[in-house]
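Chains, contacts and geometry: an overview
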Amino acid sequence: MIPSQRRSRIFEELRNRGSVRVVELADLFSVSEMTVRRDLDLMQESGLLVKVHGGAVVSDKSAEEPGFEVKVLQMATEKAAIAREAIKYVAPGNSVAVSAGSTTWALAKLLPTVPNVTVVTNSLSLGVELHDKFPMLPLIMTGGVPTPSGALVGLVADVAIESLYVDVLFLGVHGMDPEAGLTTPNLAEAQTNRTLLRYARRVVVLADHTKWRKIGMARIAPISVADVLITDDGISDEARISLADSVGDLTVAMVEGERMELSS
C-alpha cells in the first residue's frame with residue numbers, strides 16, 4: 001500500500017471511530033510505529049486530525065474549510081466509486097454543471113468520456129485540470145473569488161451562473177444532516193451553490209458516508225433538493241432509511257471489494 005492510500009485508510013478509521021492509536025495502526029498496516037507517526041504528522045499539518053499522546057483524534061470544526069489538496073486525500077476510494085455511478089447520469093450532448101469539491105473532481109475526470117458534453121464549473125482546480133488534459137472539451141468557468149478550497153464564489157460567479165441553464169448539476173457538499181440539510185463551512189460558497197441549484201433541470205448530490213450527520217456553518221438547501229443522491233456502501237442503515245425518504249433516488253456505490261484490495 002502506497003503512503004497516500006495508507007493515510008486515506010487512517011482517515012477512514014479516524015472518522016469511523018473518532019480516535020486512533022499508533023500501535024493499532026502499525027499493526028493494521030504492518031508498518032513501524034515511526035511510519036505511522038510520520039503519517040499522523042503530515043495529516044495534522046493538513047488539518048485532518050489532532051495528534052494526542054499515543055494517537056490522534058478527529059478535527060471537525062463547522063467553520064473550518066480544508067484546502068482542496070487535503071480533501072482529495074479523504075475517502076479517495078469511495079469518491080472514485082461514487083464518480084463511476086454519477087457518470088451514468090450524463091447523456092451525450094448534455095450541459096453539465098459541476099460544483100467545487102473533491103468528489104465532484106473525481107467525476108469531472110470522467111466527463112470527457114461522454115460525447116459532446118459541455119461543462120460549467122465554479123471550481124478553479126477542476127477547470128484548470130480539465131483544460132490542461134482535455135483542451136478541446138467545451139468548458140465554461142464562472143469566474144469569481146476563490147475560497148481556500150478553490151471554489152469560485154461571490155457576485156461575479158452568481159451573475160455568470162444566472163445567465164446559464166444546465167441539464168444536470170453535480171453538487172458536492174461538506175455535510176448532510178436530516179435537520180440541517182446540505183451544508184458547507186463557507187457562507188459565500190453556500191450562496192453560489194444555491195444559485196447553481198436554481199438553474200439546473202436535475203440535481204445530483206455526491207457525498208461519501210463520512211458526510212452523514214456532519215454540519216457545516218452555512219446551509220445550502222434541504223436534502224430533499226436532491227433528485228438523486230449518490231453515496232457509498234459505508235453509509236449506515238439509519239442514514240440509508242433517512243436519505244431514501246428524503247431524496248428522489250438514493251444510489252449506493254459499492255466499494256467494499258476495493259477496500260479489501262487496498263488493505264491486502
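Here the structure is a predicted model, which means the values were calculated and not measured.

Quick notes on the rules
- Residues numbered from 1 in each chain as written.
- Predicted model: local features only at pLDDT ≥ 70, side-chain atom pairs only at ≥ 80, totals over all residues.
- Heavy atoms only, no water.
- pLDDT = per-residue confidence, 0-100.
- Contact = heavy atoms within 4.5 Å.
- 1 Å grid on protein atoms, 1.4 Å probe; cavity = no way out; pocket = protein on both sides within 12 Å on 5 of 7 lines; lining within 4 Å.
- Points joined across faces, edges and corners; volume = space filled by probe spheres on them.
- Helix = DSSP H or I, 4+ residues; strand = E, 2+ residues; numbered from the N terminus.
- Nonpolar A, V, L, I, M, F, W, Y, C, P; charged D, E, K, R; others polar.
- Axes fitted to C-alpha atoms, helices over the stretch in contact; angles between N-to-C directions.
- Parallel < 35°, antiparallel > 145°, perpendicular 65-115°, else oblique.

Examining the confidence of the model for the protein
For the protein, mean pLDDT is 87; residues scoring 70 or higher make up 89% of the total. The low-confidence segment residues 259-264, where pLDDT is below 50, has 12 contacts with residues more than four positions distant or belonging to other chains.

Considerations on the layout of surface pockets
Its boundaries defined by the atoms lining it, the second largest pocket holds a volume of some 180 Å³. Considering the residues around the second largest pocket, the lining is formed by 11 residues, among which Ala76, Lys79, Ala80, Ala106 and Lys109 are closest to the centre. The greatest single-element share of the lining of the second largest pocket, amounting to 5 residues, is contributed by helix H5 (residues 76-86). Across the lining of the second largest pocket, the residue classes break down as 7 nonpolar, 1 polar and 3 charged.

As for the packing of helix H8 (residues 155-162) against helix H9 (residues 187-198)
Here H8 crosses H9 at 5°, and the two axes come no closer than 9 Å. As far as their axial angle goes, H9 and H8 are roughly parallel. Counted together, Ala157, Asp158, Ile161 and Glu162 of H8 and Gln191, Thr192, Thr195, Leu196 and Arg198 of H9 form the full contact between these two elements. Along the lines of polarity and charge, the residues of the contact of H8 with H9 split into 3 nonpolar, 3 polar and 3 charged.

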